[in-house]
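Residues per chain are reported as follows:
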Amino acid sequence: MTPAGVRLLLRRLRPATIRMRLAVLAAVITFVPLTAAAIPIARTERTAQMQNADHKAARMSPVIDTMINGLSGGNPPDCTRFFQPAQQAEYKDISLCRPTKKTRASQGKLSLIPWTDPVRGPVPIRQIIYRTYVHAGVEDVAVTQSLEAEQARLNTIVRLLIGGIAGMTLVVSGTTWFAAGRVLRPVEAIRADFADLSAHHLDRRVPVPRSGNEISRLAVTMNSTLDRLQGVVEQQRQFTADASHELRTPLACLRTELELALNHPDTADWPLVVHAAHDDTLRLQALTSDLLLLARLDAGHADPPPNPPFDLTELVRGETSRRRLPPHLTLTALIHPAPIPVLGHQALLARVLGNLLDNAERHAVGTVTVRLTRDAEHGRAVLEVLDDGPGIPPEHHQRIFERFSRLDDARARDEGGAGLGLAIAERIATAHHGTLAIVPSLQGAHFLLRLPTGTPPEREPLNTATSSGPTDSGPTEARWT
């Protein structure tokens, strides 16, 4: 059989369950060392019994000489026949025979296999050839001594050893089987409950044993994973429902406008219809783009690439300078004069700033403020966006970062917003190992973005000579209306 065939055979013979494998392993671990220890013990006992037989034969030497002298030319049977004991009861283990060619050199020995050793046989393995004589014309007279008593004692010891090994192996393997069953019973309960779980029954949890061992920690970990999975599934369901609702509204508007125009083609203001349809199409395009971006962020496909660091001050300065606000609003930018290098996706971080400015623009009364500083102690870039609008109640500070979130106060009346901007901004900040939070303020909303800084880019410092503020310390200020 080839080695591959042997491995396949062993794989098939391997027990299927962990419980059985542990029981078999315990049996092997018990049987092998006990057997290795019992073999020397049995051999030592066999040697001791043979020495006892030799000592007994030596003590009977005068009696043996008398028995041989008493033959007087008799013809004893050969050693292959049944041995007749001596007449004297005290010497019943001594017999006289005539060795044959087959048994001439046979030396008695004791067997370590009690169930296969005959009491007597053609070659008596339980008898010892004591001595051979040539006397009174009779050759090869052998004196034999039965070893049945010694063999019986050796058999008893061997049986005790075998029984002890077998009993100990059974006790250890049975105890291991029972203990493994007790230990693995919670695992089987966990497996059974986990098998019944589905996407529609994620509210169920696996039982947690009170033992506090590794199985308990496994159950706690599985329940924690199920909690997160249930949250993700529920969030996905809510996201799907909200996305369907948000997509249905502009589609319904677009369909209504087109149907009205088609029903009255002669009186319809077609430029106005096309303009309204174009606006609805742009809204649908923006919404689908946001949904696609969120899906990519959730899948981890928009993590920061291994690009060189870029200057966050240049990005903020460029985004704020290009911003066009309504006539009643003023944008104030307080930007750190020195470069602040960050690692990440420049376009995504520009999207974060744009979403924060969009949110502030919808709710501000007169002023939107952007402030960029550097926290050198913690190695963070700090970007703040503030507005002087109605503000957000503290109980809604976490809710506003949920997708399609809607508030009941004045800030809920979005003008074209789908409730995805802050969710996208928060997810992008997390993907860049940063944080986006809203901090309490006396007036309006105050958003705080923290990003880890990277190695400064290899370029000349930004030229800030045109800024109205200082260039060596403190942020520069610029205002746009």
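Worth saying up front: this structure is predicted, and the values here are computed from it rather than measured.

**A few points about the overall build of the protein chain**
Looking only at helices and strands, the protein chain has nine helices and 11 strands in total. Sorting the 481 residues of the protein chain into buried and exposed places 36% on the buried side. For the protein chain, long-range pairs separated by at least 24 residues make up 66% of all intrachain contacts whose partners lie at least 6 apart in sequence. Accessible area of the protein chain: about 28,300 Å², with a carbon and sulfur share of 58%.

**A look at the confidence of the model for the protein chain**
Per-residue pLDDT for the protein chain has a mean of 77; in total, 74% of the residues score no lower than 70. Ignoring residues within four places in sequence, the model shows residues 408-416, a span with pLDDT below 50, making 14 contacts including any to other chains. Confidence over residues 456-473 falls short of pLDDT 50; this stretch has 21 contacts with residues more than four positions distant or in other chains.

**Here's the deal with the nonpolar core**
Grouped together as the largest cluster of nonpolar side chains are 48 residues, with contacts concentrated most on Leu312, Val316, Leu353, Val370, Ile428, Leu436 and Phe447. Ranked by the residues each element gives to this core, the list is headed by helix H8 (residues 346-363), at eight residues. Residues contacting Ile428, with those up to four places away along its chain left out, are Leu293, Leu297, Leu348, Leu349, Arg351 and Val352.

**Considerations on the packing of helix H2 (residues 18-59) against helix H4 (residues 148-195)**
Pairs of packed helices are described in terms of their axes, by the angle between the two and the distance that separates them. One can describe the packing of H2 onto H4 by two numbers: an axis separation of 8 Å at closest approach and a directional angle of 165°. Taken together, the axis directions place H2 and H4 in an arrangement best described as roughly antiparallel. The way H2 lies across H4 gives a crossing that is right-handed.

**Topic: the pattern of salt bridges**
Taken as a whole and judged by the stated rule, the model has nine salt bridges. For Arg323, the salt bridge identified is with Asp358, shortest N-O distance 2.1 Å. In this pair, Arg323 sits in the loop between helix H7 (312-322) and strand S5 (330-335) while Asp358 sits in helix H8, placing the two residues 35 residues apart along the sequence. Overall, the relative accessible area of 16% leaves Arg323 in the buried class.

**A few points about a nonpolar patch on the surface**
On the surface, a cluster of nonpolar side chains totalling about 640 Å² of accessible area is made up of Met20, Val24, Val28, Phe31, Val32, Trp177 and Phe178. Breaking the nonpolar patch down by element, the ones donating at least two residues are H2 and H4. Per element, the largest residue contribution to the nonpolar patch is five residues, and it comes from H2. Summarising the element assignment, Met20 is placed in helix H2.

**Observations regarding the pairing of S5**
Within a regular strand, side chains alternate between the sheet's two faces. With respect to burial, S5 is a largely interior element, five of its six residues being buried. Note that S5 and strand S7 (residues 367-375) share six bridges and pair parallel. Of the residues in S7, the one forming a bridge with Thr330 is Thr367.

**Some remarks on H2**
Between its first and last C-alpha atoms H2 spans 61 Å; for 42 residues at 1.5 Å apiece the expected length is 62 Å, and the two agree. Looking at H2, one finds that the buried residues are Ala23, Ala26, Ala27, Thr30, Ala38, Ala42, Gln49, Met50, Ala53, Lys56 and Ala57.

**Some details on the packing of H8 against helix H9 (residues 421-431)**
Where H8 meets H9, the closest approach of the two axes is 9 Å, and the angle between their N-to-C directions is 145°. Crossing angle aside, the handedness with which H8 passes H9 is left-handed. Of the residues in H9, those in contact with Leu348, Leu349, Arg351, Val352, Asn355, Leu356 and Asn359 of H8 are Gly421, Leu422, Ile424, Ala425 and Ile428. Here the contact of H8 with H9 is composed, by residue class, of eight nonpolar, three polar and one charged.

**A closer look at the side chain of Glu150**
Among the secondary structure elements, Glu150 is positioned in helix H4. Non-local contacts of Glu150, meaning those with residues more than four positions away in its chain, are made with Gln49, Ala53, Lys56 and Leu110.

**Remarks on the environment of Leu25**
Tracing the chain through its elements places Leu25 in helix H2. Judged by its relative accessible area of 46%, Leu25 falls in the partly exposed class. In sequence terms Leu25 and Ser173 are 148 residues apart; their C-alpha atoms lie 8.0 Å from each other.

Criteria and cut-off values
- Residues numbered from 1 in each chain as written.
- Predicted model: local features only at pLDDT ≥ 70, side-chain atom pairs only at ≥ 80, totals over all residues.
- Heavy atoms only, no water.
- Helix = DSSP H or I, 4+ residues; strand = E, 2+ residues; numbered from the N terminus.
- Buried < 20%, exposed > 50% of the residue type's maximum accessible area, 1.4 Å probe, protein only.
- Contact = heavy atoms within 4.5 Å.
- Areas by Shrake-Rupley, 256 points an atom, 1.4 Å probe, with all protein chains shown as cover.
- pLDDT = per-residue confidence, 0-100.
- Core = buried A, V, L, I, M, F, W, Y, C linked by side-chain atoms within 4.5 Å.
- Axes fitted to C-alpha atoms, helices over the stretch in contact; angles between N-to-C directions.
- Parallel < 35°, antiparallel > 145°, perpendicular 65-115°, else oblique.
- Left-handed = near helix turned anticlockwise from the far one by under 90°.
- Salt bridge = Lys/Arg side-chain N within 4 Å of Asp/Glu carboxyl O.
- Patch = residues over 30% accessible without salt bridge, like charges linked within 9 Å, V, L, I, M, F, W, Y side chains within 5 Å.
- Pairing = 2+ DSSP bridges.
- Expected span 1.5 Å × (residues − 1).
- Nonpolar A, V, L, I, M, F, W, Y, C, P; charged D, E, K, R; others polar.

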